[in-house]
Amino acid sequence: MGVFFLDLGSISRVQVNQPAVIRHAEQIQSRRTVKKDWQAAWLLRAVTCIDLTTLSGDDTPSNIHRLCYKAKHPIREDLLRAMNMHDKGITTAAVCVYPARVADAVKALKTSGCNIPVASVATGFPAAQTSLKTRLEEIRIAVEDGAKEIDIVINRTLVLTGQWEGLYEEIRQFRQACGDAHMKTILATGELGSLTNVYKASMVAMMAGSDFIKTSTGKEAVNATLPVGIVMMRAIRDFYWKTGNKVGFKPAGGIRTAKDALTWLILMKEELGDEWLKSDLFRLGASTLLSDIERQIYHHVTGRYAAYHDLPMA
């Protein structure tokens, strides 16, 4: 993804119609659904777009190893076989960990002969309240340890005080530090104050070279919501129309059920089309979502719901 000039003129004129966005989000939730075989197919698609994540203070090499095994084998083999999907190479899109755990994840995936990329949160995650020098160094360390994707987090102060040039310059430096690694820019939308700010921050992040824009760290009081998703997707669409560049979208935080995943897939299809329904342009940031999807697929195949011991989280 290249870096584009900061177009402050077009950004300053933007005003998001919040009531209209909220109304559209409510319609999406109440009207759209997929059933039976289609639902199973959509859920498998969702699995291939998950960044399987652990961001806990008690992460250890052993639970990172288990997470990587689950990323490689997200759905039980017999269930995939029953749907004739056992030979389709279904894995999650990535494994997402703290910088200190990148080397563990890279090692675990390499040992299992798997090429799933490791993503790492960086830049003072989740609050971005460390010095710029420290945040840049954190990116470099994660990349050196083998991270192929970096989920950076922006300094919310720059948005809340309207310092768009400062935000652009910071993200541009993050982009440079990432090198060949994909950069996903976390906007922490629950802390940006308004949907208008969400749109403006999305555009600045894309102009500064983001490969993806992401809703949340998962640590804010309010994380991925449909109104925010609609605004960010429309910013992606506007940016594509202006530049011809496709930027990916990643909702994260609070996405726990198969139904949640389907809603986000439907919204992506409606707002951006089928091209954005693959892992190169769509990710779901989640730690518990996969368990519920596997449970729904178990029900689809067997006609009954799984007991807790039927689907262990590896």
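Structure: see above.
Just so you know, these numbers come straight off a predicted model, no measurement behind them. (Residues numbered from 1 in each chain as written. Predicted model: local features only at pLDDT ≥ 70, side-chain atom pairs only at ≥ 80, totals over all residues. Heavy atoms only, no water.)

A. Representation of the layout of surface pockets. Volume-wise, the largest pocket comes out at about 470 Å³. Every residue lining the largest pocket is counted, 25 residues in all, and those nearest its centre are Ala258, Lys259, Asp260, Leu262 and Thr263. Going through the elements one at a time, helix H3 (36-47), helix H12 (258-272) and helix H13 (289-302) are the ones with two or more residues in the lining of the largest pocket. Among the elements that line the lining of the largest pocket, the one with the most residues is H12, at seven residues. Each residue belonging to the lining of the largest pocket can be placed in one class, and the counts come to 12 nonpolar, eight polar and five charged. (1 Å grid on protein atoms, 1.4 Å probe; cavity = no way out; pocket = protein on both sides within 12 Å on 5 of 7 lines; lining within 4 Å. Points joined across faces, edges and corners; volume = space filled by probe spheres on them. Helix = DSSP H or I, 4+ residues; strand = E, 2+ residues; numbered from the N terminus. Nonpolar A, V, L, I, M, F, W, Y, C, P; charged D, E, K, R; others polar.)

B. Local environment of the packing of aromatic side chains. By the definition in use, this model includes four aromatic pairs. Ring geometry for Tyr240 versus Trp276: centroids 5.7 Å apart, planes at 75 degrees, classification edge-to-face. Highlighted residues: Tyr240 in helix H11 (residues 226-243) and Trp276 in the loop between H12 and strand E8 (284-286), separated in sequence by 36 residues. Residue classification places Trp276 among the buried residues on the basis of a relative accessible area of 3%. Taken together, a centroid distance of 5.9 Å and an interplanar angle of 40 degrees make the contact between Phe249 and Trp264 tilted. Linking Phe249 in strand E7 (residues 248-250) with Trp264 in helix H12, this pair joins segments that are 15 residues apart in sequence. A relative accessible area of 0% places Phe249 in the buried class. Trp264 sits in the buried class, given a relative accessible area of 4%. (Phe/Tyr/Trp six-rings, centres within 6.5 Å; stacked < 30°, edge-to-face > 60°. Buried < 20%, exposed > 50% of the residue type's maximum accessible area, 1.4 Å probe, protein only.)

C. Looking closely at the side chain of His24. Of note, His24 is situated in helix H2 (residues 18-31). There is a polar contact of 3.2 Å between the side chain of His24 and the side chain of Glu271. For His24, the residues in contact, after removing those within four places along its chain, are Ile230, Arg234, Glu270 and Glu271. (Polar contact = N/O pair within 3.5 Å; in protein donor to acceptor, adjacent residues only side chain to side chain. Contact = heavy atoms within 4.5 Å.)

D. Fine view of the packing of H11 against H12. For the pair H11 and H12, interaxial distance at closest approach is 10 Å and the crossing angle is 30 degrees. H11 and H12 meet at a crossing whose hand is right-handed. Of the residues in H12, those touching H11 at Leu226, Gly229, Ile230, Met233, Arg234, Ile236 and Arg237 are Thr263, Trp264, Leu267, Met268, Glu271 and Leu272. The residue makeup of the contact of H11 with H12, split by class, is eight nonpolar, two polar and three charged. (Axes fitted to C-alpha atoms, helices over the stretch in contact; angles between N-to-C directions. Left-handed = near helix turned anticlockwise from the far one by under 90°.)

E. Spotlight on the environment of Ser287. Relative to the elements of secondary structure, Ser287 occurs in the loop between E8 and H13. On a C-alpha basis, the gap between Ser287 and Phe239 in space is 30 Å, while along the polypeptide they are 48 residues apart.

F. Up close: the sheet that holds strand E1 (residues 50-53). Strand order in the open sheet formed by eight strands is E7-E6-E5-E4-E3-E2-E1-E8, with parallel pairing between adjacent strands. Each end of this open sheet is capped by a strand with a single partner; those strands are E7 and E8. Neighbouring strand axes in the sheet, compared pairwise and without regard to direction, differ in orientation by 25 degrees on average. Two strands pair when backbone bridges link them, and strand E4 (residues 149-153) and strand E5 (residues 182-186) are joined in this way by five bridges, in the parallel orientation. Residue Ile150 lies in a different strand from E5, and its bridge partner there is Met183. (Pairing = 2+ DSSP bridges.)

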